[in-house]
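Breakdown of the fold
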Amino acid sequence: MITIAPEMPEDSWEVEALYDLCFAPGRTALSSYRLRDDVPPVRALSQVARDGDHILAGAIRFWPVHVGEADALLLGPVAVHPTRQGEGIGASLIRDSLWRAEHSHWDRVILVGDAPYYRRFGFSRLEGVEMPPPTNPDRVLGLELRPGAWAQVQGQVRRWTGAAQGEQAEGF
Ligand SMILES: CC(C)(COP(=O)(O)OP(=O)(O)OC[C@H]1O[C@@H](n2cnc3c(N)ncnc32)[C@H](O)[C@@H]1OP(=O)(O)O)[C@@H](O)C(=O)NCCC(=O)NCCS
């Protein structure tokens, strides 16, 4: 049985180890990580999935970012342990976190990833939104938490510098 729960500070080293296992070496050199430097993740949405023996099976984190004049949630990294992939754990983590995001003050979500996977959650390619280079524009995907939330939003994705909507993003 898999249980999904908010990531706590004591989960952090296990989550980092899982990400190291699941992603190519040097993952933190990716341009998307520059958006995370010195910015706390959004604690209320970042979650871990553990099995009945309390072993970490998967994890998802979110960061706040600015896109043009707007704010957005940056989804990721999300990863599932190689021995547990294909069981629906990734989908459960993503759906549960997006449900929480819908019931928060956030309006829109952005990620860099494979459209064939993320399309099932409602993500589609974002036009006119530029992630820090080098990023393949075909992998820049967005999801509206409120109807029309991406309609007028264009420009560069920038590191979070403050709470434009009056609510501070909260770290671990
Ligand atoms: C991507 C990942 C999080 C998916 O988690 P998961 O628990 O294995 O996924 P689910 O069980 O929810 O879904 C499995 C389905 O997704 C598909 N899928 C997984 N990764 C995919 C990808 N990159 N592109 C397209 N489809 C993908 C599988 O083929 C499977 O399809 P099916 O339902 O038709 O059989 C996991 O495979 C993982 O950790 N991969 C390594 C890290 C990574 O790439 N993270 C995402 C960064 S963009």
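About the cut-offs
Residues numbered from 1 in each chain as written. Predicted model: local features only at pLDDT ≥ 70, side-chain atom pairs only at ≥ 80, totals over all residues. Heavy atoms only, no water. Helix = DSSP H or I, 4+ residues; strand = E, 2+ residues; numbered from the N terminus. Buried < 20%, exposed > 50% of the residue type's maximum accessible area, 1.4 Å probe, protein only. pLDDT = per-residue confidence, 0-100. Contact = heavy atoms within 4.5 Å. Near = heavy atom within 4 Å. Polar contact = N/O pair within 3.5 Å; in protein donor to acceptor, adjacent residues only side chain to side chain. Phe/Tyr/Trp six-rings, centres within 6.5 Å; stacked < 30°, edge-to-face > 60°. Salt bridge = Lys/Arg side-chain N within 4 Å of Asp/Glu carboxyl O.

**Side note on the side chain of His66**
As for its position among the elements, His66 is in strand 3 (residues 56–67). On the accessibility criterion, His66 (7% relative accessible area) is buried.

**Looking at the confidence of the model for the protein chain**
Taken as a whole, the protein chain shows an average pLDDT of 94; of its residues, 94% reach a score of 70 or greater. Taken together, the stretch residues 164–168 has pLDDT below 50 and engages in 8 contacts with residues farther than four places along the chain or on a different chain.

**Digging into the site of the ligand**
Val80, Gly86, Gly88, Gly90 and Asp114 are the nearest of the 19 residues found near the ligand. Separating an oxygen atom of the ligand from a backbone N or O atom of Glu87 is a distance of 3.3 Å. One nitrogen or oxygen atom from the main chain of Ile89 is found 3.5 Å from an oxygen atom belonging to the ligand. Counting residues per element, the ones that place at least two in the shell around the ligand are strand 4 (70–80), helix 2 (89–102) and helix 3 (115–118).

**Thoughts on the environment of Arg43**
By the element assignment, Arg43 lies in the loop between helix 1 (12–22) and strand 2 (47–50). Assessed through its relative accessible area of 24%, Arg43 is described here as partly exposed.

**Section: the packing of aromatic side chains**
Enumeration according to the criterion identifies 6 aromatic pairs in this entry. Relative to Phe23, the ring of Tyr19 lies with its centre 6.0 Å away and its plane at 65°, an arrangement referred to as edge-to-face. Take Phe23: its relative accessible area is 32%, and that puts it in the partly exposed class. A centroid spacing of 5.8 Å and a plane angle of 55° characterise the contact between Trp106 and Trp160, whose relative ring orientation is tilted. Note that Trp106 is positioned in the loop between helix 2 and strand 5 (108–112) and Trp160 in the segment after strand 9 (155–159), a separation of 54 residues in sequence. Assigned by exposure class, Trp106 and Trp160 land together as buried.

**Re the pattern of salt bridges**
Counting across every chain of the model gives 14 salt bridges. As a salt-bridge pair, Asp114 and Arg139 come within 2.3 Å of each other at their nearest N and O atoms. With Asp114 in the loop between strand 5 and helix 3 and Arg139 in the loop between strand 7 (129–130) and strand 8 (140–144), the pair connects residues that are 25 residues apart, well separated along the chain. On the accessibility criterion, Asp114 (43% relative accessible area) is partly exposed. For Arg139, a relative accessible area of 31% translates into the label partly exposed. The partner of Arg125 in a salt bridge is Glu127, with the nearest N and O atoms 3.8 Å apart. Residues joined in a network through salt bridges with shared partners are Glu7, Glu16, Asp20, Arg27 and Arg61.

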